[in-house]
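Descriptive analysis of the structure
Residues per chain are reported as follows:
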Amino acid sequence: MRRVVVTGMGIVSPLGTGLDAFWQRVTEGANGIRGITRFDTSDLACRIAGEVPDKAEDEHGFDVDAVMDAREQRRTDRFIHLAMGAVQEALANSGWEPKTDAEKERTGTIIATGVGGFPAMTAGTRLVDEKGPRRASPFLVPSFLANLAAGQVSIRHGLKGPIGAPVTACAASLQALGDAARLIRCGEADVMVAGGTEACIDRVSYAGFCAAKAMSSKRNDDPSHASRPFDQDRDGFIMGEGAGILILEDYEHARARGANILVELAGYGTTADAYHVTASSPDGEGGLRAMRHALASAKLSPADIGYVNAHSTSTPVGDAAEIAALTTLFEGRGKDLAVSSSKSMFGHLLGAAGAVEAIACVKALVSGLLPPSRNLEAVDEAMARFEMVPGKAIAREVDHILTNGFGFGGVNASAVFSKV
C-alpha cells in the first residue's frame, strides 16, 4: 500500500480566503460569525452565520471575479464558486499542473458537499411557482447538482482520473479525503484533488434546522460568543460556509517531482451508528469505532496522538456523544492531550467542515501551534482533564493529529495526519 502525503492546500472560509490569512486568524482565535446579510431573519430562531466575506468587506475576502467570469458565475451556484477558488489556490500551492494525457489521467477529483446548491434549488422552486416552468434556465440542474463542484473542477483543470462527490452530511469532506487516499494507496491515481465545499446559508435551510432545534438561538445579538463547543452553556450550532481542498499525492510521486511534502495522511476510518437519523448514540460508540479504525490504519495507538481536532459543533447532544467517545478512547490521558474545535471560530461548514478542519490540522503539524477553541468559559466537566486550548493557539510540537467528522444518518469519519 502506497503512502499518501499532502502537497498543497487551498481555502475559502468565514475567517478569510487564502492559507496565510486563515491560519493567522485561527491562531488568534478570531471570530467569523456575524448577523446574516442575505435574507430576512426576523422570524427565525437563529439569525447569525459564518458567512464568507467578499473583498469589499475584508482585504482577505473572497473575490469570485478572480476565479470565474460573469457567465460562469450565473450558471453555477455558490458552492461551486467557493470550490473553484479553493482548488485554484491548492493546485498553485502544490506546484502540480498536469500537462500530459498520462498526468491528467492519473489525477483525480473528489469534492464533497452536504447539500449541493441549496440556494439555487430554492430560488428555482420559487421561480417556477411564480412564473411557470418555461422560465427555468437550462443551467438550473447543473448549477445545484452535488457532484458538479468536482465536475466543474475536473473540466477546468483537465483532470481525467477518478472523480466523485460524497454526500454524507457533515462527514462528507473527511470521507472525500479518505476515499481519495484509498484510490492513491491502491494505485488508481497518483494525485487527488480532494476536500469539500458548502454554501447552504439559505432561509429554507435555516427554517429546517431551527425547526429541528439544532441551531443556537441564545446569542443572536452577540454572534462572536454564540458558537461554544465543549462549553457548558452551548445551545446549538451556527451554520458556516466555505471550501477546503487538499492535494493528496503518492509519496514517491511527490518525491520524484520535488514537491514540498507537508504531512502524511497516515490513517482513515469510517463507520455507521445504525442508531438514529439525526442523533448519535449517547455513548459515541460509532465515532469511537471510526477513531479506532483510523488509528489501526495508521499503525498507531491512542498514546501516540498529541492533538484532537474534534467535530464538536456546539450542540448539547452531539458534543456529549463525542465527549463519551473521546474519554473512552483516551482513558488515562490528561493535559498531555490537547483537544479543541475549530467550529467555535467560523461555525459548522456542514459538508465542507472536515476538509477545512483538516487544513487546520496540517498547519498545526507544520507550525507547532495547536488551534484554539473560542468561547470556552466553562469547560464541560467530562473534558476538563484534557488541555482544551481556550482563546488562542498554544505552542506544542506533536507528531500525530486525529480529526473527526460526524453526520446525520449516523455517518462517522476519522483521519490521522502525521509528520513525515
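Residues numbered from 1 in each chain as written. Predicted model: local features only at pLDDT ≥ 70, side-chain atom pairs only at ≥ 80, totals over all residues. Heavy atoms only, no water.

A few points about the layout of surface pockets
- Of the pockets and cavities examined, the largest pocket occupies roughly 580 Å³.
- As for the largest pocket, its lining consists of 39 residues, of which Thr-278, Ala-279, Thr-315, Gly-318 and Phe-408 are closest to the centre.
- Only α11 (285-298), α12 (316-329), β14 (400-407) and β15 (411-418) provide two or more residues apiece to the lining of the largest pocket.
- Among the elements that line the lining of the largest pocket, the one with the most residues is α12, at seven residues. (1 Å grid on protein atoms, 1.4 Å probe; cavity = no way out; pocket = protein on both sides within 12 Å on 5 of 7 lines; lining within 4 Å. Points joined across faces, edges and corners; volume = space filled by probe spheres on them. Helix = DSSP H or I, 4+ residues; strand = E, 2+ residues; numbered from the N terminus.)

Some words on the pairing of β15
- Within β15, eight of the eight residues are buried, leaving the element largely enclosed by the surrounding structure.
- Where burial is concerned, the two faces of β15 agree: the one with Val-411, Ala-413, Ala-415 and Phe-417 and the one with Asn-412, Ser-414, Val-416 and Ser-418 are both buried.
- In this structure, strand β9 (residues 263-272) lies alongside β15, joined through eight bridges in antiparallel fashion. Following the sheet pairing, Gly-267 is matched in β15 by Val-416.
- Pairing geometry for β14 and β15, over eight bridges, is antiparallel. Residue Phe-406 lies in a different strand from β15, and its bridge partner there is Asn-412.
- Following β14, the chain reverses through three residues before pairing antiparallel with β15; Gly-409 in that reversal takes a positive phi of roughly 90°. (Buried < 20%, exposed > 50% of the residue type's maximum accessible area, 1.4 Å probe, protein only. Pairing = 2+ DSSP bridges.)

Some thoughts on the packing of α11 against α12
- As a packed pair, α11 and α12 sit with axes 9 Å apart at the nearest point and diverge in direction by 45°. The angle between α11 and α12 falls in the class oblique. In this structure, α11 contributes Leu-288, Met-291, Arg-292 and Leu-295 to the contact, and α12 contributes Ala-325, Leu-326, Thr-328 and Leu-329. (Axes fitted to C-alpha atoms, helices over the stretch in contact; angles between N-to-C directions. Parallel < 35°, antiparallel > 145°, perpendicular 65-115°, else oblique. Contact = heavy atoms within 4.5 Å.)

A word on the packing of helix α8 (residues 172-185) against helix α14 (residues 353-367)
- The interhelical angle for the contact between α8 and α14, taken along N-to-C directions, is 70°, at an axis separation of 5 Å. As the angle between them shows, α8 and α14 are arranged roughly perpendicular. On α14, the residues touching Ser-173, Leu-174 and Leu-177 of α8 are Ala-353, Gly-354, Ala-355 and Ala-358.
- Here the contact of α8 with α14 is composed, by residue class, of five nonpolar, two polar and no charged. (Nonpolar A, V, L, I, M, F, W, Y, C, P; charged D, E, K, R; others polar.)

Looking at the state of the cysteines
- Scanning all chains against the criterion turns up zero disulfides.
- Here Cys-46 stays free of any disulfide, with the sulfur of Cys-210 as its closest cysteine sulfur at 5.5 Å.
- Of all cysteine sulfurs, the one in Cys-170 lies closest to Cys-200, which takes part in no disulfide; the gap is 9.7 Å.
- According to the relative accessible area criterion, Cys-200 is buried, its value standing at 1%. (Disulfide = S-S within 2.5 Å.)

Details of the pairing of β14
- The element β14 is largely enclosed, with a buried count of eight among its eight residues.
- Here β14 shows no split at all, with His-400, Leu-402, Asn-404 and Phe-406 on one side and Ile-401, Thr-403, Gly-405 and Gly-407 on the other all buried.
- Pairing geometry for strand β10 (residues 307-309) and β14, over three bridges, is parallel. Looking at the pairing, Tyr-307 lines up with Ile-401 of β14.

Structural notes on unusual backbone geometry
- Although it is not a glycine, Lys-213 sits at a positive phi angle of roughly 55°.
- Among the secondary structure elements, Lys-213 is positioned in the loop between α9 (203-211) and β8 (242-250).
- Its relative accessible area of 73% is what places Lys-213 among the exposed residues.
- Residue Leu-350 is not a glycine yet carries a positive backbone phi of 50°.

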